[in-house]
Structures are given as C-alpha cells and as structure tokens.
Amino acid sequence: MSGLVRYGICLANLGTYADPRLAVRLAQTAERSGWDAVFIWDHLAFVWGPPSADPYTALAAIAASTERVRLGTAVTPVARRRLQVATLDVLSNGRVVFGAGLGGSPSEFGKFGEPTDAKVRAAKLDEGLELLRRLWSGEEVTHRGEHYTVDGVRLSPTPRQSTLPIWVGGNRPASLRRASRWDGWIADSSDPTGMTLTPGDVRRSVETIGRSDGFEVAVLGERARADPAAYERAGATWWLENLHDERGSFDHVLEIVSAGPLRRG
C-alpha cells in the first residue's frame, strides 16, 4: 500500500450534475482547493431519472481545464462501453485512472437489449479488461473470445502512462478477487442511508485482496458520516468524497469542495 491517504471527490453524472459545465467548475475548484482527484459516476438516467451526462465528455472538459488532479470514473460498466480511455490519458498528460465494474443497474443493459445476467456481465468485464490492457500497450491485437472480437487492431495513440491503472469496484468476493488482479480496489461504502462499509469491513477486504505492492484502495465515503482516518488505518490509500446531494444543491456541494480535503495533523 502507498503511505499517506490522498483525497478526491466523486461526482454524480445525473440530475444537477448532468450539466458538464458544473462538473468542470467543481473540478477546477477542487484543484485550487487541494484535492488530489476528480472521479465521475458512469450511469444512465434510469437511476434517478433524466438527465444524465456522458462521463467521458465531462472528463475530457475537466482534463483540458485542470493540470494536476487525477481523473477517472467510479465506475465504468465495461460490458456496455466501447472506450477511448487512451485519448483521455493523452489529453490529461497521463492523469487517468480507469475505474471499472460490473454495472449495478440491470436496466441500464436491458433497456438496450443487452444481457442483464450478472454472470454474463462479469465474463464480459473480465474479457474486456484483459483486452483493454493489450490494446493500450500499442501491440497489434487479434482476439476472438466469448464476447469480443478484435481482428488485427493496433491502438494509436496509446495512453501517456506506460501502464494505465485499472481500479475495480465492487464489494463482493468475486469483485475482490478481480481487483486483486489489477491495480486497485474502489470500495463503494456510501449511499443515502449512511456508510455501508465499516473500517473493519475494509480491513478484512484488504486482507482478502492480499496485495502490498503499491496497490491502491479507494473508499467512496462521506466525511459527515465517517472518519477518513479510520479507513486509512484499515488500509485505504484514497478517500473519495461522494458528492451527490439528492436535493440538487450545487451551492452546497461547491461549498464542500471549496473547503478542501481533510488532512492529517
């Protein structure tokens, strides 16, 4: 694990925050206020109701208007995406983290005639991640798998980072096993009812993952409901402040971001 915990914000791409101009304003404020990263959800409008923004368009605008903060999704359901993460990494000068997951809302698949079965989505996620890593290397890729076919494709431009980090979201045992094969784990521990993972839960999951070689552990949480330091002691290397005010109060969220991250001593 890396040392001192770093702090980011995580924005919804729905409702108020479907306006990418507001996401850019929050990201610029976050960078000025000392936050280390800006992540965005990757949902369609069915979760809260319309509208929703394309997170990669919003992240591209953020990349062009910031210089320091890391950028990523928390998380992208790989099974319903055809991605150009490499272009975003070039635009941001190597600041992208690819947050990937199964996709928690079956309707986001079923409404477009895609498989909703979790086992199918899991298989597509695993195959897709392996394929993305090969494509990002710049090698010519030929692949004929259960879900994807690539016939002699060489990706250009390749990511600015020699190894673009992949962080896997999800709290179930299969998700932890998947995360252990990549570069990080995004622990989704916050919902409107409160924190759903205790520091003890995170500690046990970190022990299950069993990595100590720079592996990142990002906890999605809310400081009003939990102490980030307790999660750092449990093994978290990132705290991502989950900002999705259900009342749609942009000014309230802007105030939180402007106050800056909570730092130790």
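Note that the structure is predicted; figures quoted are calculated from it, not measured.

Asks: What exactly am I supposed to notice about the nonpolar core here?
Replies: Soluble, globular proteins show a tendency: their nonpolar side chains are buried together. By size, the foremost hydrophobic cluster in this structure holds 76 residues, and its most contacted members are Val38, Ile62, Phe98, Leu129, Trp136, Trp185 and Val202. It is helix 5 (residues 118-136) that contributes the most residues to this core, six residues altogether. In this view, Val202 contacts Trp185, Leu197, Val217, Val219, Tyr231 and Ala234; residues no more than four positions away in its chain are not counted.

Asks: How do you make sense of helix 1 (residues 20-32) when you look at a structure like this?
Replies: Helical periodicity: at 3.6 residues per turn, an α-helix aligns residues three or four positions apart in one direction. The terminal C-alpha atoms of helix 1 lie 18 Å apart, and with 13 residues this matches the ideal 18 Å at 1.5 Å per residue to within 8%. Among all positions of helix 1, only Ala23, Val24, Leu26, Ala27, Thr29, Ala30 and Glu31 are buried. Buried residues along helix 1 sit against strand 1 (6-11), strand 2 (37-40), helix 2 (55-65) and helix 9 (250-258). Where helix 1 starts, the residue carrying a side-chain oxygen 2.9 Å from the main-chain nitrogen of Arg21 turns out to be Asp19.

Asks: Honestly, the packing of helix 1 against helix 2 in this entry has me stumped. Any pointers?
Replies: Working note: a packed helix pair is described by the angle between its axes plus the distance between those axes. Taken N-terminus to C-terminus, the directions of helix 1 and helix 2 make an angle of 40°; their axes are 9 Å apart at the nearest point. Looking at the two axes, helix 1 sits oblique to helix 2. In this structure, the crossing between helix 1 and helix 2 has a hand that is right-handed. For the pair helix 1 and helix 2, contact is made by Pro20, Ala23, Val24, Ala27 and Gln28 and by Ala58, Ala61, Ile62 and Ser65, respectively.

Asks: Would you mind showing me how to read the environment of Pro228 here?
Replies: With respect to the element layout, Pro228 can be found in helix 8 (residues 228-233). Dropping the residues within four chain positions of it, Pro228 is found in contact with Tyr7, Arg223, Trp239 and Leu262.

Asks: What is the right way to look at the packing of aromatic side chains in this model?
Replies: The relative placement of two aromatic rings is captured by the distance of their centres and the angle of their planes. Counted by the stated rule, this structure contains four aromatic pairs. Here Phe39 and Trp167 contribute two aromatic rings whose centre-to-centre distance is 5.7 Å and whose plane-to-plane angle is 20°, an arrangement assigned as stacked. Of the two residues, Phe39 sits in strand 2 while Trp167 sits in strand 8 (residues 166-169), which places them 128 residues apart along the sequence. A relative accessible area of 0% places Phe39 in the buried class. Feature note: the residues Phe39, Trp167 and Trp238 constitute an aromatic cluster, connected by ring pairs.

Asks: Quick question: what am I supposed to make of empty space enclosed by the protein here?
Replies: If a probe as big as a water molecule is rolled over the atoms, it shows which places are left empty. Taken as a whole and assessed by the stated rule, the structure comprises one cavity of 30 Å³ or more. Size it by volume and the largest cavity reaches roughly 40 Å³. In this structure, the largest cavity is lined by Tyr56, Leu59, Gly72, Thr73, Val85, Leu88, Val96, Val97 and Phe98. Secondary structure elements with two or more residues in the lining of the largest cavity: helix 2, strand 3 (70-73), helix 3 (85-91) and strand 5 (96-101).

Asks: What should I look at first to understand unusual backbone geometry in this one?
Replies: Leaving glycine out, the prevailing phi sign among residues is negative, and the prevailing peptide bond configuration is trans. Residues Ala74 and Val75 are joined by a peptide bond in cis, for which omega reads -5°. With respect to the helices and strands, the residue Val75 is situated in the loop between strand 3 and strand 4 (76-77). The residue after Ser156, namely Pro157, is reached through a cis peptide bond having omega 0°. Mapped onto the fold, Pro157 is located in the loop between strand 7 (149-154) and strand 8. At Asn93, a residue that is not glycine, the phi angle is positive and equals roughly 60°. With respect to the helices and strands, the residue Asn93 is situated in the loop between helix 3 and strand 5.

Asks: Before we go on, may I ask you to explain helix 5 in this structure?
Replies: Look at helix 5: 26 Å from first C-alpha to last across 19 residues, which is about the 27 Å you get at 1.5 Å a residue. Those residues of helix 5 that fall on the buried side of the exposure criterion are Arg121, Ala122, Lys124, Leu125, Glu127, Gly128, Leu129, Leu131, Leu132, Leu135 and Trp136. Note on helix 5: the residue one or two positions beyond its end, Gly138, has a positive phi of about 90°.

Definitions and cut-offs
Residues numbered from 1 in each chain as written. Predicted model: local features only at pLDDT ≥ 70, side-chain atom pairs only at ≥ 80, totals over all residues. Heavy atoms only, no water. Core = buried A, V, L, I, M, F, W, Y, C linked by side-chain atoms within 4.5 Å. Buried < 20%, exposed > 50% of the residue type's maximum accessible area, 1.4 Å probe, protein only. Helix = DSSP H or I, 4+ residues; strand = E, 2+ residues; numbered from the N terminus. Contact = heavy atoms within 4.5 Å. Expected span 1.5 Å × (residues − 1). Polar contact = N/O pair within 3.5 Å; in protein donor to acceptor, adjacent residues only side chain to side chain. Axes fitted to C-alpha atoms, helices over the stretch in contact; angles between N-to-C directions. Parallel < 35°, antiparallel > 145°, perpendicular 65-115°, else oblique. Left-handed = near helix turned anticlockwise from the far one by under 90°. Phe/Tyr/Trp six-rings, centres within 6.5 Å; stacked < 30°, edge-to-face > 60°. 1 Å grid on protein atoms, 1.4 Å probe; cavity = no way out; pocket = protein on both sides within 12 Å on 5 of 7 lines; lining within 4 Å. Points joined across faces, edges and corners; volume = space filled by probe spheres on them.

These figures come from the coordinates and say nothing about function on their own.
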